[in-house]
Amino acid sequence: MSFDFSAKGRSARATIAVPEVPLNAIRARSRAARAHERTMRIAAVCTALVVVALGAGTGAGAKLYSTVRVWVSGEKASITVSSFDGVREPTSAEFHDAIAHATFPVVLPVGLPPGTHVTHVFSTPARHPSALVISYVNDRTGLKASFVLVDPKVVQLGGTLLRMQSASPRDVYDWRAGGELVLLPKTVPAAEADRLKAAMQTATPDGTLRATEPMLATISALGGPNRLELAERYAPRNGRSALIDRNQTRSVAALAAQGRPFLDMRVFHVTDVPYVNGAPDYARAHGWNARTVAIPPGGVRAIAAVLRSARGAGGDCACEVLFNQPNAAAYRIWTIPLSPSADVKAYEVDARTLAVVSRSR
Amino acid sequence: MERWAPAEIVSAARTGDEAAVERLVGAVWPGCFRLAATVVGDRGLAQDAAQEACVIVHRKIRSLRSTEAFDAWLYRIVMRESARVRRRNPAPAEPPAEIAGASDDTSALDVWRALATLPPEQRDVVVLFYFDDLKSEEIAAVLRVRHPTVRTRLARARERLRGLLDDYRDETAPARREMKQHVV
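Residues numbered from 1 in each chain as written. Chains lettered and ligands numbered in written order. Predicted model: local features only at pLDDT ≥ 70, side-chain atom pairs only at ≥ 80, totals over all residues.

Description of the overall build of chain A
The condition that has to hold: Numbering of helices and strands starts at the N terminus; helices are DSSP runs of H or I of at least 4 residues and strands are runs of E of at least 2. Buried residues are those with 20 or more other C-beta atoms within 10 Å of their own C-beta, exposed residues have 12 or fewer, and partly exposed residues lie in between; C-beta atoms are placed from the backbone. Residues are scored as being in contact if the C-beta atoms we place from backbone atoms lie within 7 Å.
In terms of regular secondary structure, chain A is built from 9 helices and 22 strands. When each of the 361 residues of chain A is scored for burial, the buried share is 42%. Taking the intrachain contacts of chain A between residues at least 6 apart in sequence as the baseline, contacts between residues at least 24 apart amount to 65%.

Focus on the overall build of chain B
The number of helices and strands found in chain B is 9 helices and 0 strands. The buried share of chain B, reckoned over its 184 residues, is 41%. When contacts within chain B are restricted to residue pairs at least 6 apart in sequence, those whose partners lie at least 24 apart make up 63%.

Section: the sheet that holds strand 21 (residues 345-350) of chain A
Residue and element names in this part refer to chain A. Quick note on the threshold: If DSSP finds at least two bridges between two strands, the strands pair. For helices, the fitted axis covers only the stretch in contact; all axes are lines through C-alpha atoms, and the angles between them, taken along N-to-C directions, range from 0 to 180 degrees.
Read across the sheet, 6 strands follow the order 11-12-19-20-21-22 without closing on themselves; strand pairing throughout is mixed. Only two strands of the sheet have a single partner each, and these edge strands are strand 11 (220-222) and strand 22 (356-359). The average undirected angle you get between the axes of adjacent strands in this sheet is 25°.

Concerning the sheet that holds strand 9 (residues 172-177) of chain A
Hydrogen bonds between backbone atoms are what pair the strands of a sheet, whose relative direction is either parallel or antiparallel. Residues and elements named next belong to chain A. Strand order across the open sheet formed by 8 strands is 9-10-7-6-5-4-14-17, with antiparallel pairing between neighbours. The sheet terminates laterally at strand 9 and strand 17 (286-289), the two strands that pair on one side only. Strand-to-strand twist across the sheet, computed as the mean angle between neighbouring axes with direction ignored, equals 15°. Its contacts with the sheet place helix 3 (residues 92-100) against strand 4 (84-88), strand 5 (117-124), strand 6 (131-138) and strand 14 (267-271), and it is angled at close to 30° to strand 5. Against the sheet, helix 4 (residues 190-201) makes contact with strand 9 and strand 10 (180-185), and its axis sits at roughly 15° relative to strand 9, the strand it touches most.

Quick look at the confidence of the model for chain B
Residues and elements named next belong to chain B. Rule in force here: Predictor confidence is given residue by residue as pLDDT, running from a minimum of 0 to a maximum of 100.
Confidence in the prediction for chain B averages 81 pLDDT; 77% of positions are at 70 or higher. Note that pLDDT drops below 50 for residues 168-184; the model gives that stretch 7 contacts with residues more than four away or on any other chain. This complex was scored by the predictor with a pTM of 0.58 and an ipTM of 0.79.

A short note on the environment of B:Glu121
Residues and elements named next belong to chain B. Within the secondary structure layout, Glu-121 lies in helix 6 (residues 120-131). Look at Glu-121 and you get partly exposed, because 16 C-beta atoms sit within 10 Å. Along the sequence, Glu-121 and Val-150 sit 29 residues apart, while their C-alpha atoms lie 9.1 Å from each other.

Re unusual backbone geometry
Residues and elements named next belong to chain A. The omega angle of the peptide bond from Thr-124 to Pro-125 is -5°, so this bond is cis rather than trans. Positive phi, normally seen in glycine, also occurs at Leu-354, with a value near 60°. Checked against the element boundaries, Leu-354 lands in the loop between strand 21 and strand 22.

Overview of the pairing of strand 21 of chain A
Residue and element names in this part refer to chain A. Relative to strand 21, strand 20 (residues 330-337) runs antiparallel, the two being bridged by 6 bridges. Across the sheet, the residue bridging to Tyr-331 is Val-349, located in strand 21. Here strand 21 runs beside strand 22; their pairing, made up of 4 bridges, is antiparallel. Residue pairing for strand 22: Tyr-347 is matched across the bridge by Ser-358.

What about the nonpolar core?
Residues and elements named next belong to chain B. As a reminder, the rule being used: Residues of type Ala, Val, Leu, Ile, Met, Phe, Trp, Tyr and Cys that are buried and joined through C-beta atoms within 7 Å form what is called a nonpolar core.
Among the nonpolar cores identified, the biggest contains 58 residues, and Leu-24, Val-28, Cys-32, Ala-36, Cys-54 and Val-78 are the most heavily contacted of them. Among the elements that line this core, the one with the most residues is helix 2 (residues 18-40), at 12 residues. Setting aside residues up to four positions removed in sequence, Val-28 forms contacts with Trp-4, Ala-5, Cys-54, Val-57 and Leu-74.

Describing the confidence of the model for chain A
Overall, the prediction assigns chain A a mean pLDDT of 79, with 76% of residues at 70 or greater. Low pLDDT (under 50) marks residues 156-169 of chain A, which in the prediction has 35 contacts with non-local residues, meaning those over four places away or in another chain.

Looking at the environment of A:Glu348
Residues and elements named next belong to chain A. Along the chain, Glu-348 turns up in strand 21. The exposure class of Glu-348 is partly exposed, given the 16 C-beta atoms found within 10 Å. In the structure, Glu-348 is positioned 17 residues away from Tyr-331 in sequence and 5.8 Å away in space, judged by C-alpha atoms.

Regarding helix 1 (residues 7-14) of chain B
Residue and element names in this part refer to chain B. The following threshold applies: What the arc covers is the set of directions going from the helix axis to the C-beta atoms.
Along helix 1, the residues classified as buried are Ile-9, Val-10 and Ala-13. Viewed end-on, helix 1 has its buried residues packed into an arc of 100°, placing them on one side of the element. Helix 1 presents Ala-7 and Glu-8 as exposed residues on the side facing more than 90 degrees away from its buried surface. Just past helix 1, the residue Gly-16 takes up positive phi, approximately 95°.

Describing the environment of A:Ala290
All names here are of chain A. The topology assignment puts Ala-290 in the loop between strand 17 and strand 18 (292-295). For the pair Ala-290 and Arg-266, spaced 24 residues apart in sequence, the C-alpha to C-alpha distance is 7.2 Å. In this structure, Ala-290 is in contact with Met-265, Val-267 and Phe-268, ignoring residues within four places of it in sequence.

Concerning the packing of helix 3 (residues 43-60) of chain B against helix 4 (residues 70-88) of chain B
Residues and elements named next belong to chain B. Spelled out, the test is: Comment on the angle field: the value is read as roughly parallel under 35 degrees, roughly antiparallel over 145, roughly perpendicular from 65 to 115, and oblique elsewhere. Each crossing gets its hand from how the near helix is turned against the far one by less than a right angle, where anticlockwise is left-handed and clockwise is right-handed. Under the grouping applied here, Gly and all other residues not named as nonpolar or charged are polar, the nonpolar ones being Ala, Val, Leu, Ile, Met, Phe, Trp, Tyr, Cys and Pro and the charged ones Asp, Glu, Lys and Arg.
At a minimum axis distance of 8 Å, the contact between helix 3 and helix 4 shows a crossing angle of 140°. By the angle class used here, helix 3 and helix 4 are oblique. In this structure, helix 3 meets helix 4 at a crossing whose hand is right-handed. Residue-level contacts link Leu-45, Asp-48, Ala-49, Glu-52, Ala-53, Ile-56 and Val-57 of helix 3 to Leu-74, Ile-77, Val-78, Glu-81, Ser-82, Val-85 and Arg-86 of helix 4. When its residues are assigned to classes, the contact of helix 3 with helix 4 shows 9 nonpolar, 1 polar and 4 charged.

Here it is as structure tokens:
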């Protein structure tokens, strides 16, 4: 059959008209997928923390029940986390929502240095968490710490000695605070850990929640913005505000042309985590991001108009863009340069005509 | 294997340079689309599969272990994504005429019709073997099946296509064979 079938097939295939490469869509989906992978990696790390937590918190063998569970098989410890929810750069409402249905009164970490903010919250199991992982970052002091808060009721003491293969309990500080078990990887000095422990052990759940409020985002951070702290200083308290990172500013023109919004995908849910040889396989878990509209199509067109007026048709302003919609008639937009020495510029855009006016701030 | 893109573009993209990655995506897109269209038999589904493949290239080219591994890697991705869209959307019984493109050659349409009669797993090996000139060992690696499985599928596909494409059997073949015997 090879007489001419190959040639016929090849020439037939060569005549297939090829549509234009959808580079914008490929770029956007690639970035979204990378963000999702990053989330999954963080989730895997946090799961490992919970495993370590159990060893550290109990000293001897431990089992977690419900959907957060560890069982001991010879010398290998495994953990089952069948579902979890997570939020990146949580706002106050999202943070409250994450901890509201915890099975234990949550004493949050307190005594962290000024300028610290919460980067992630994971809660597992998803609806009524018996374990929370809260990650903090402080750009000024270089602090990066993830606290694991576990409901002691799901930890059973006694049994076979739990030995870790990939992580050691010796790498984690542990203490009790109120009705919870607290675990903190040894990424902070012992004196600092002692100070945090003392602060948490004398605090109340409500008091720690109040102390956490200033550490939460006041605007929706889309992508991975670097200037969140500065943007929060400019963002008005009224109306909805969102900050888009530099990569996302590159897709503004395309989204505006297509009449599409910027979606907020910071909140994610993972269920049905399968296990392979006792280890969670997040790649095959069922996961999805909540997709709420952060900046409506009209707002995207307004940002495009600002970028055009600021930089011409190219639209790459080497900046992050803060968006706020105080009312239906106008949008407020700030371009926040990545370079700390450059000035933040403020604009007001008419929602109907998209006329751009520079503002003092 | 056939090269999807010049090695220097692949090498540059592996460094993570965003512009180079996008150049690579632009270079491989036509091949991805045409291969997907050939195996799924539908332009819309082919576009989905090709786009998904290019998203993976865009996202993961930085972690590719070597430039030489690119061709086999991309074949695997395109075939896997094509299989995925085909599972979600069973292929049409008759391939749409527009797949054949602007060609006036009616035999092109007959090629698509013939391919469409094959079960998907046989169509995949036929396309890779006859259109892409992959060896059966390479096809086995791309489709992640055993080598004998490829040979079996190929044999069954040939049997089926033999009847379907009889009209296109090369009528000069016996004469050429005879000529060759005399010359040799």
